Amino acid sequence: MGKRSGTRTALAVALPAGLMYLRQKHPLIWHDLWMLKRSFDIVQRLELLNLSGKTNVDVFEEHARSNPEKACVLYQDERYSYGEVNKRADDLARWIGSRHRVGRGDVVAVLMHNEAAFTWMWFALAKLGVISSLLNTNLKPLALLECIRLSGAKSLLCGSEFLPAVRRILPNLREIGMEVWLLGDANPEDGLPADVFVVDTKETRALPIPRVKARQEETASYIFTSGTTGLPKPIHITFWRIISASHLSAPYSPYTADDVVYTALPLYHSAALLVGMFTIFLAGGTLAIARKFSASRFWDDIRKHETTIFQYIGELCRYLLAQPERPDDGHYSKSIRMAVGNGLRPDIWDQFKTRFNIQHIAEFYGSTELSHNFLNTDGKRGVVGRYGWIHKTFNDNIELVEYDYSTGQPLRDSNGRCKHVAVGQPGLLLIQLNRFTIFDGYAGKPDETAKKIARDVKVPGDAYFNTADLMLIDAEGYLHFRDRLGDTFRWKGENISTLEVSHIICQHPNILEANVYGVEVPGHDGRAGMASISMRRGGTFDADALYRQVTESLPRYARPLFVRLMPVIPTTTTFKHQKSELVRQGFDVNIIADPIFLLNDRKKTYSPMDAAELARILAGNSKL
């Protein structure tokens, strides 16, 4: 008895002392343990969904049967219930099925703005086992055609408002045997070509639904991304990816059937589609859609739809703060319990949260390619999540490593392993691939897929996804996003391919080379486009012609704001364009001897920049 009593006494003393030691050494251990438990709960939930074999389409149909009158989609003044959205999806599936052009595993390209019909369009194609290839509505005709070809689509389904743009590429579509289906009112005075059809579900309503029971591992959609090199690439989004993405907010506060999620982000992007639309539909809640973002209407929409959660990107938040203050700022019929998004800078974080009375800002980090995300669960300003001691112990799946700026690839030591960066230093983020963290690759791009995977990172045979992003882990274990490597940069909420912009610029007959990159502009999120160009021998710089070239071929956000005229474009010994020094110098005319020009939409040209214009930009007095 004495021995056992002494053991209990020793444990009674040692246990509190041990817990106190851990608390002192790891102050956030209780938070991390709570988060670890929540993560394990999510894994168990995903395991059950995996075993059930259900897709998000199956779950949506269950909601439509069990609660058909529940509000599903709110758009402008329109309201659609789960039962109605499901019925419209069935009607559209019958019409598409009657075309006998597409079946399970085939691809239909989709060109639609944000609207209620987008939701039943997606479910109609998914019910048929048809892959929806979601096209960026800002694309110019040649880029649009290239994305359609890349996806291998058999037909193009588009909103009728896109008919003028589609007419421009109809000859090309005919060459590859594509039909065009118009969804919406389309009654052009000069009629329609023989291979363009207006969707009329009344004529096929009596037909059976050719419903396909899809498997979770099958591709549901293609979402295009610029990636880190080259033109936009179609990424496989499987039904399982949709289900796993729906659990992004679960570690903090899952979406519920009582939530109304408002998004003004484009549904052809992964944030609005996966984190917005699919997540709230899986929960049985309501999606409120804006056709496009409007800073002046944003909060009116929030109030109108009784929103509880909204999506943001950093640029959007800055635009909202720039609006004149109103007496009803922060006042809603229902409280905003969460804002979900990425890119909210620390300098406006508190101001945004306080002015608009947001309970929690759930800043996250993720990529379209990968089923892995970080989430800021404790609302700490400017961070995208935590990777503390507990996480490293039980889920050691990320690495921050040294990198080669010119290639975006990890640097290796003498043993061929990646070289880790110290705590508090930015490094290239690599995420280990496993049964839950899946990279399904780019459609028709095996070489591009292989480039995104780093192997033998820590031990022989391992595989990590190369995010091409720089991240920093501070002494407390918080993750901070630092920058994006490679041949893309982000401006106005869009990823911009430097190679695509360079290709457009070099179509100008007098321009020999163009080195495109992003530069920081005070007071603006992301990086503004800048192009350093050199002229052909004997060629002269024609600012008006370059302006016409970029405005006719590139969407507004991708047009370089600054142009630097250089005698020779600096390159590496392997003839790759050097960017780091040019990025550092930016557009500072006080230190750069080369002529610099600024995009001038008012005069429809590129105008010479001087110190006075530079001062206006730095002071935030120049509209960019």
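That block above? That's the structure.
Computed from a predicted structure; not experimentally measured.

What counts and what doesn't
Per chain, residues are indexed from 1 in the order of the written sequence. Side-chain atom pairs in this predicted model are given and counted only at pLDDT of 80 or more, local residue features only at pLDDT of at least 70, and totals for whole chains, interfaces and linings cover all residues. Only hydrogens and water are set aside; all other atoms, that is, all heavy atoms of the structure, feed into the side-chain values. A run of DSSP states H or I qualifies as a helix once it reaches four residues; a run of E qualifies as a strand once it reaches two. Both are numbered from the N-terminal end. The globule rule used for comparison is 2.2 Å times the number of residues to the exponent 0.38, while the radius of gyration itself is calculated over C-alpha atoms. To sort residues, take the accessible area from a 1.4 Å probe on protein chains only and compare it with the maximum for the residue type: under 20% means buried, over 50% means exposed, and anything in between is partly exposed. For this analysis, residues touch if any pair of their heavy atoms sits within 4.5 Å. The method behind every accessible area is Shrake-Rupley, applied with a 1.4 Å probe, and residues are considered shielded solely by the protein chains displayed. The sign given to each residue is positive for Lys and Arg and negative for Asp and Glu; His and the chain ends receive no count. For charged residues, the charge sits on one atom: NZ in Lys, CZ in Arg, CG in Asp, CD in Glu. Any Lys or Arg side-chain nitrogen located within 4 Å of an Asp or Glu carboxyl oxygen qualifies as a salt bridge. Polar contacts here mean pairs of N or O atoms no more than 3.5 Å apart (in protein, one a potential hydrogen donor and the other a potential acceptor; neighbouring residues in sequence count only if both atoms are side-chain atoms). Here, a strand pair is defined by DSSP locating no fewer than two bridges between the strands. Only the stretch in contact is used when fitting a helix axis, every axis being a line fitted to C-alpha atoms; angles between N-to-C directions are given from 0 to 180 degrees. In this description, a nonpolar core means a group of buried Ala, Val, Leu, Ile, Met, Phe, Trp, Tyr and Cys residues linked to one another through side-chain atoms lying within 4.5 Å. In a left-handed crossing the near helix is turned counterclockwise from the far helix by less than a right angle, and in a right-handed crossing that turn is clockwise. Charged residues are taken to be Asp, Glu, Lys and Arg, nonpolar residues to be Ala, Val, Leu, Ile, Met, Phe, Trp, Tyr, Cys and Pro, and polar residues to be all remaining types, Gly included. Working note: the arc is built from the helix axis to C-beta atom directions.

Within the chain, the secondary structure is distributed over 18 helices and 30 strands. Its C-alpha radius of gyration of 26 Å places the chain within 12% of the 25 Å reference for a compact globule of 624 residues. Its C-alpha atoms give the chain principal-axis dimensions of about 100 × 70 × 60 Å. Each of the 624 residues in the chain was classed as buried or not, and the buried ones make up 56%. Within the chain, counting contacts between residues at least 6 apart in sequence, those at least 24 apart form 69% of the total. Put simply, the chain shows about 27700 Å² of open surface, and 52% of that area lies on carbon and sulfur atoms. When the 76 basic and 69 acidic side-chain charges of the chain are each reduced to a single mean position, those positions are 3 Å apart.

The phi dihedral of Gln-76 is positive, around 55°, even though this residue is not glycine. In this structure, Gln-76 sits in the loop between strand E1 (71-75) and strand E2 (78-81). Residues other than glycine seldom take positive phi values, yet Asp-456 does so here, at roughly 55°. As for its placement among the helices and strands, Asp-456 is situated in the loop between strand E21 (453-455) and strand E22 (463-473).

Relative to the helices and strands, Lys-452 resides in the loop between helix H14 (446-451) and E21. Notably, Lys-452 is buried but unbridged: the nearest opposite-charge side chain belongs to Glu-369, and the N-O separation is 4.7 Å. Of note is the side chain of Lys-452, whose polar atom sits 2.8 Å from the backbone oxygen of Asn-466.

The next subject is the sheet that holds strand E7 (residues 196-198). Spatially, E7-E6-E5-E3-E4-E8-E9 is the arrangement adopted by the seven strands of the open sheet, whose pairing is mixed. With partners counted over all chains shown, the strands left at the sheet margins are E7 and strand E9 (233-238), one partner each. Strand-to-strand twist across the sheet, computed as the mean angle between neighbouring axes with direction ignored, equals 25°. Both strand E3 (residues 107-111) and strand E5 (residues 155-159) contribute to a ladder of four bridges, which runs parallel.

Formed by 109 residues in total, the largest nonpolar core has its most connected members in Met-121, Trp-122, Met-277, Phe-281, Phe-310 and Phe-352. Ranked by residues supplied to this core, first place goes to helix H5 (residues 116-127) with 10 residues. Ignoring anything within four residues of it in the chain, the contact list for Trp-122 reads Asn-56, Val-57, Ser-132, Ala-220, Ser-221, Phe-239, Ile-242, Met-277 and Phe-278. Trp-491, Ile-505, Ile-533 and Phe-541 belong to the second largest nonpolar core, which has 44 residues in total.

This paragraph deals with the packing of helix H3 (residues 56-66) against H5. For the pair H3 and H5, the least separation of the axes is 10 Å and the interaxial angle reads 120°. Of the two elements, H3 crosses H5, and the hand of that crossing is left-handed. Residue-level contacts link Asn-56, Val-57, Phe-60 and Glu-61 of H3 to Trp-122, Phe-123, Ala-126 and Lys-127 of H5. Looking at the contact of H3 with H5, its residues break down into five nonpolar, one polar and two charged.

Before going further, it helps to examine helix H12 (residues 346-355). In an α-helix, one turn spans 3.6 residues; hence positions three or four apart end up facing the same way. All of the buried residues along H12 are Ile-348, Trp-349, Phe-352 and Arg-355. Along the axis of H12, the buried residues cluster in a sector spanning 165°; they form a single face. Buried-residue contacts for H12 involve helix H10 (298-304), strand E12 (309-313), helix H11 (314-321) and strand E14 (361-367). Phi turns positive one or two residues past the end of H12, at Asn-357, with a value near 55°.

Next up on the list: the pairing of strand E17 (residues 398-401). Residues of E17 alternate between two faces, with Ile-398 and Leu-400 on one and Glu-399 and Val-401 on the opposite face, all of them buried. Bridging between E17 and strand E20 (residues 427-432) involves four bridges; their strand directions are antiparallel. Of the residues in E20, the one forming a bridge with Glu-399 is Leu-430.

For the coordinates displayed, the defined rule picks out 39 salt bridges. In this structure, Asp-58 and Lys-213 form a salt bridge, with 2.4 Å as the shortest nitrogen-oxygen distance. In this pair, Asp-58 is assigned in helix H3 and Lys-213 in the loop between E7 and strand E8 (219-225), connecting sequence segments 155 residues apart. Residues Asp-594 and Arg-564 are paired through a salt bridge, measuring 3.0 Å at the closest nitrogen-oxygen approach. Of this pair, Asp-594 sits in the loop between helix H17 (580-585) and strand E29 (596-600) while Arg-564 sits in strand E28 (residues 562-565), and the two are 30 residues apart along the sequence.

The sheet built from five strands is open, its strands ordered E26-E27-E28-E29-E30 with mixed pairing. Two strands in the sheet have a free side with no partner beyond their single neighbour: strand E26 (511-519) and strand E30 (605-608). Strand-to-strand twist in this sheet, taken as the mean axis angle between neighbours without regard to direction, amounts to 30°. Packing of helix H15 (residues 498-505) onto the sheet brings it into contact with E26 and strand E27 (528-535), and relative to E26 it is tilted by some 145°.

Residue placement: Asn-590 occurs in the loop between H17 and E29. Sequence separation of Asn-590 and Arg-205 is 385 residues, and the distance between their C-alpha atoms is 69 Å. The residues touching Asn-590, leaving out its near neighbours within four places in the chain, are Ala-611 and Leu-614.

H11 sits mainly inside the fold: seven of its eight residues count as buried. For H11, every residue scored as buried is listed here: Gly-314, Glu-315, Leu-316, Cys-317, Arg-318, Leu-320 and Leu-321. In this fold, the buried residues of H11 make contact with H10, E12, strand E13 (338-342), H12 and strand E24 (488-491).

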